[in-house]
Amino acid sequence: MKKTLIRAISCFLLLATLMLCVISCTPSATLTIRFENGDDVQTYRVKLADYKEGATLYDVLKNDSRFQAEMDETTTPFLTSLCGVTPDAEKFEYISVYTSITDKSFGDAVFEEESVSYYYAAVGIAELPLVEDTVYIFRLESWS
């Protein structure tokens, strides 16, 4: 009787340990943010579990110090600096935002990478939702 009870408890503990291993090994939902400044490309993974439902790209940039994001928040927030890079107004530089989310995009795809089409974002960072497996690309560009 005692051996049967010990075996049952051992089996239960082994099963519980295996279940914990499976749960902890399950990949968490993420998205990718990439900042391109010419040949300098910085890529970051963001865990969606770190943010409340309904959070936006603005929330990530504001709360994650890795991005060193500075924003003008007098009206709709927009980036004035990212990853330590501030656009040079004399060179007509700005930070553009591209996304693969088609319903938040403007016009036709601007470019394609690894079979994913990227569109110029038609909304600001405060309206870009956090979507699993999405890549958001920020680029330092000039309109001159």
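Our subject is the structure listed above.
Before going into details, it helps to say that this report is about the structure given with it. (Residues numbered from 1 in each chain as written. Predicted model: local features only at pLDDT ≥ 70, side-chain atom pairs only at ≥ 80, totals over all residues. Heavy atoms only, no water.)

Within strand β5 (residues 93-99), five of the seven residues are buried, which leaves it mostly tucked inside the rest of the structure. Where β5 meets strand β8 (residues 135-142), seven bridges bridge the pair, whose relative direction is antiparallel. By the bridge assignment, S96 is partnered in β8 with R139. Here β5 pairs with strand β7 (residues 116-121) via two bridges, running antiparallel. When the bridges of β7 are listed, Y98 appears paired with Y120. (Buried < 20%, exposed > 50% of the residue type's maximum accessible area, 1.4 Å probe, protein only. Helix = DSSP H or I, 4+ residues; strand = E, 2+ residues; numbered from the N terminus. Pairing = 2+ DSSP bridges.)

Okay, the sheet that holds strand β1 (residues 30-37) next. Strands sit in the order β2-β1-β8-β5-β7-β6 across an open sheet of six strands; the sheet is mixed. Looking at which strands have only one partner, the edges of the open sheet turn out to be β2 (40-47) and β6 (105-113). Here the strands of the sheet are splayed against their neighbours by 30 degrees on average, with no regard to which way each runs. The pairing of β1 with β8 spans five bridges and is parallel. (Axes fitted to C-alpha atoms, helices over the stretch in contact; angles between N-to-C directions.)

Evaluated as defined, the whole model comprises six aromatic pairs. Taking 6.4 Å as the distance between ring centres and 40 degrees as the angle between the ring planes, the aromatic pair formed by F92 and W143 counts as tilted. Remark: W143 occurs in the segment after β8 and F92 occurs in the loop between β4 (78-81) and β5; sequence separation between them is 51 residues. Since its relative accessible area comes to 41%, F92 is described here as partly exposed. Between the aromatic rings of Y94 and W143, the centroid separation amounts to 5.2 Å while the plane-to-plane angle is 25 degrees, which identifies the pairing as stacked. Of the two residues, Y94 sits in strand β5 while W143 sits in the segment after β8, which places them 49 residues apart along the sequence. Take W143: its relative accessible area is 58%, and that puts it in the exposed class. Chaining the aromatic ring pairs together yields one cluster made of Y98, F111, Y118 and Y120. Note that R139 overlies the ring of Y98, its terminal NZ or CZ placed 5.3 Å from the centroid. Across from the ring centre of F111, 4.1 Å away, lies the NZ or CZ of R139, which sits over that ring. (Phe/Tyr/Trp six-rings, centres within 6.5 Å; stacked < 30°, edge-to-face > 60°. Lys NZ or Arg CZ within 6 Å of the ring centre and 35° of its normal.)

All quantities given are derived from atomic positions and should not be read as evidence of function.
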